[in-house]
Amino acid sequence: VQLVESGGGLVQAGGSLRLSCVASGSIFSIRAMGWYRQAPGKQREVVAFVTKGGDTNYADFVKGRFTISRDNAKNTVYLQMSSLKPEDTAVYYCNYFGASSDGSDYWGQGTQVTVSS
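J.: Please explain the packing of aromatic side chains as it appears in this structure.
T.: Centre-to-centre distance and the angle between the planes together describe a pair of aromatic rings. Within this structure, the stated rule accounts for three aromatic pairs. When the ring of tyrosine 36 is compared with that of tryptophan 107, the centres are 4.9 Å apart and the planes differ by 85°; the resulting orientation is edge-to-face. Linking tyrosine 36 in strand β4 (residues 33-38) with tryptophan 107 in the loop between β9 (90-96) and β10 (111-116), this pair joins segments that are 71 residues apart in sequence. For the pair tyrosine 36 and tryptophan 107, a shared accessibility class is recorded, and that class is buried. Taken together, a centroid distance of 3.8 Å and an interplanar angle of 25° make the contact between phenylalanine 49 and phenylalanine 97 stacked. Of the two residues, phenylalanine 49 is situated in strand β5 (residues 45-50) and phenylalanine 97 in the loop between β9 and β10; the sequence distance between them amounts to 48 residues. Every member of this aromatic cluster is reached through a ring pair, and the members are Tyr36, Tyr93 and Trp107. Note that arginine 18 overlies the ring of tyrosine 78, its terminal NZ or CZ placed 4.1 Å from the centroid. One Lys or Arg, arginine 44, reaches over the ring of tyrosine 93 and ends 4.6 Å from the middle of that ring.

J.: Help me understand the nonpolar core, please; the structure alone is not making it clear to me.
T.: Counting residues in hydrophobic clusters, the biggest one holds 34 residues, and the most contacted among them are Met33, Trp35, Val77, Leu79, Met81 and Tyr92. Counting residues per element, this core draws most heavily on β9, which supplies six residues.

J.: How should I be thinking about the side chain of arginine 37 in this particular structure?
T.: With respect to the helices and strands, the residue arginine 37 is situated in strand β4. A relative accessible area of 6% places arginine 37 in the buried class. Of the polar contacts made by the side chain of arginine 37, one reaches the side chain of aspartate 88; its length is 2.9 Å. Of note is the side chain of arginine 37, whose polar atom sits 3.0 Å from the side chain of tyrosine 92.

J.: Honestly, the state of the cysteines in this entry has me stumped. Any pointers?
T.: Linking two cysteines covalently through their sulfur atoms gives a disulfide. Counted by the stated rule, this structure contains one disulfide. Two residues share a disulfide in this structure: cysteine 21 and cysteine 94, whose sulfurs sit 1.7 Å from each other. Of this pair, cysteine 21 sits in strand β3 (residues 17-23) while cysteine 94 is found in strand β9, placing the two residues 73 residues apart along the sequence. You'll find cysteine 21 and cysteine 94 in the same group, each marked buried.

What counts and how
- Residues numbered from 1 in each chain as written.
- Predicted model: local features only at pLDDT ≥ 70, side-chain atom pairs only at ≥ 80, totals over all residues.
- Heavy atoms only, no water.
- Phe/Tyr/Trp six-rings, centres within 6.5 Å; stacked < 30°, edge-to-face > 60°.
- Helix = DSSP H or I, 4+ residues; strand = E, 2+ residues; numbered from the N terminus.
- Buried < 20%, exposed > 50% of the residue type's maximum accessible area, 1.4 Å probe, protein only.
- Lys NZ or Arg CZ within 6 Å of the ring centre and 35° of its normal.
- Core = buried A, V, L, I, M, F, W, Y, C linked by side-chain atoms within 4.5 Å.
- Polar contact = N/O pair within 3.5 Å; in protein donor to acceptor, adjacent residues only side chain to side chain.
- Disulfide = S-S within 2.5 Å.

In structure tokens:
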């Protein structure tokens, strides 16, 4: 299993970042893919997911600001983040939609996003 996230960084409020995640073909080809995030002291939460066919769904707190997409030829899923807020600060992870955080599923290292006010 391979999940490699990249693209995070430090940005001012109102700025933008684009995250990328390369996933194993074994996951990517059969699953809807999602972006998740975990802020300090909080549980990991779903940010958005995209089906194999490209249908998308977003958490209310990112609707209108974030866009998820996937490139099936590259086994890559993207998260374009705009109008970032300090409360978006977290480690962002990708995985198949529905992956568990109880230790039974593999998770990559994630990528840190820090939004300064």
